[in-house]
Amino acid sequence: MGYKLEQTDPLFPDLIRAFAQSEKSAHEFIAARNNGEQPAEQSMAPQAGTCLSAMNDEFIAYKSKLVGPKPLSMAISIWNKFIDFKGDVLLDEVTSNDVYKFFEYKLFSAPEKWSQKYVDGHVKRALSQMFSLARTKALMKGDNPVGKVELMPKLAEAERKKRENPRFPGVY
């Protein structure tokens, strides 16, 4: 389909597993049919639910009444980076492991690595608020996956200090 795939992409193994599972199911279906068995019908209907990207408009409508444009755009930017990482899947498909892997990726593997303070604060809060709003509006049934992240990935102390971006007033 013309998409560029990198073997180093953190989602590449998930893609390969999903492809293999799809192929396995198709082969089982064909083998059952060829053996004269009545194979179970495979439903290609999309699952019911709300995709991650649908939360952008919901969040903007809710949050724009409460905060200025900068915190709103920061939260939306974080959410869209999570969608880029995970894919535009259903809200109920996201697990705490997915959230943890996203934090880990942004701390250790991403081309533009984030600071520990940013991940522990703004990023975790933005994702949590998005999923909380989705639950409140009954757009997802499961628990907030951010709340289920019990341990955060941590940078080594030296790396953490190196990534801090101190601001000095009057110095440009």
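Notes on the structure in this doc start here. Only a predicted model underlies this, so the values are computations on that prediction, with no experimental measurement involved.

Thresholds, definitions, all that
- Residues numbered from 1 in each chain as written.
- Predicted model: local features only at pLDDT ≥ 70, side-chain atom pairs only at ≥ 80, totals over all residues.
- Heavy atoms only, no water.
- 1 Å grid on protein atoms, 1.4 Å probe; cavity = no way out; pocket = protein on both sides within 12 Å on 5 of 7 lines; lining within 4 Å.
- Points joined across faces, edges and corners; volume = space filled by probe spheres on them.
- Helix = DSSP H or I, 4+ residues; strand = E, 2+ residues; numbered from the N terminus.
- Nonpolar A, V, L, I, M, F, W, Y, C, P; charged D, E, K, R; others polar.
- Salt bridge = Lys/Arg side-chain N within 4 Å of Asp/Glu carboxyl O.
- Buried < 20%, exposed > 50% of the residue type's maximum accessible area, 1.4 Å probe, protein only.
- Core = buried A, V, L, I, M, F, W, Y, C linked by side-chain atoms within 4.5 Å.

Here we look at empty space enclosed by the protein
Tallying each qualifying case throughout the model produces one cavity of 30 Å³ or more. By volume, the largest cavity is sized at about 30 Å³. Taken together, Leu11, Asp14, Phe85, Lys86, Asp98 and Lys101 form the lining of the largest cavity. Listed by contribution, the elements that provide at least two residues to the lining of the largest cavity are α3 (69-86) and α4 (96-109). Its residues placed into classes, the lining of the largest cavity shows two nonpolar, no polar and four charged.

Structural notes on the pattern of salt bridges
In total, this model carries eight salt bridges according to the counting rule given. A salt bridge links Lys148 to Asp143, with the shortest nitrogen-to-oxygen separation between them at 3.1 Å. Its salt-bridge partner being Glu164, residue Arg160 comes within 2.5 Å of it at the nearest N-O pair. Using a relative accessible area of 23% as the deciding quantity, one classes Arg160 as partly exposed. Owing to a relative accessible area of 40%, Glu164 belongs among the partly exposed residues under this scheme.

Some remarks on the nonpolar core
One finds Leu52, Trp79, Phe82, Leu127 and Phe131 to be the most contacted residues of the largest nonpolar core, which totals 34 residues. Listing elements by their share of this core, those giving two or more residues are α2 (55-63), α3, α4 and α5 (116-136).

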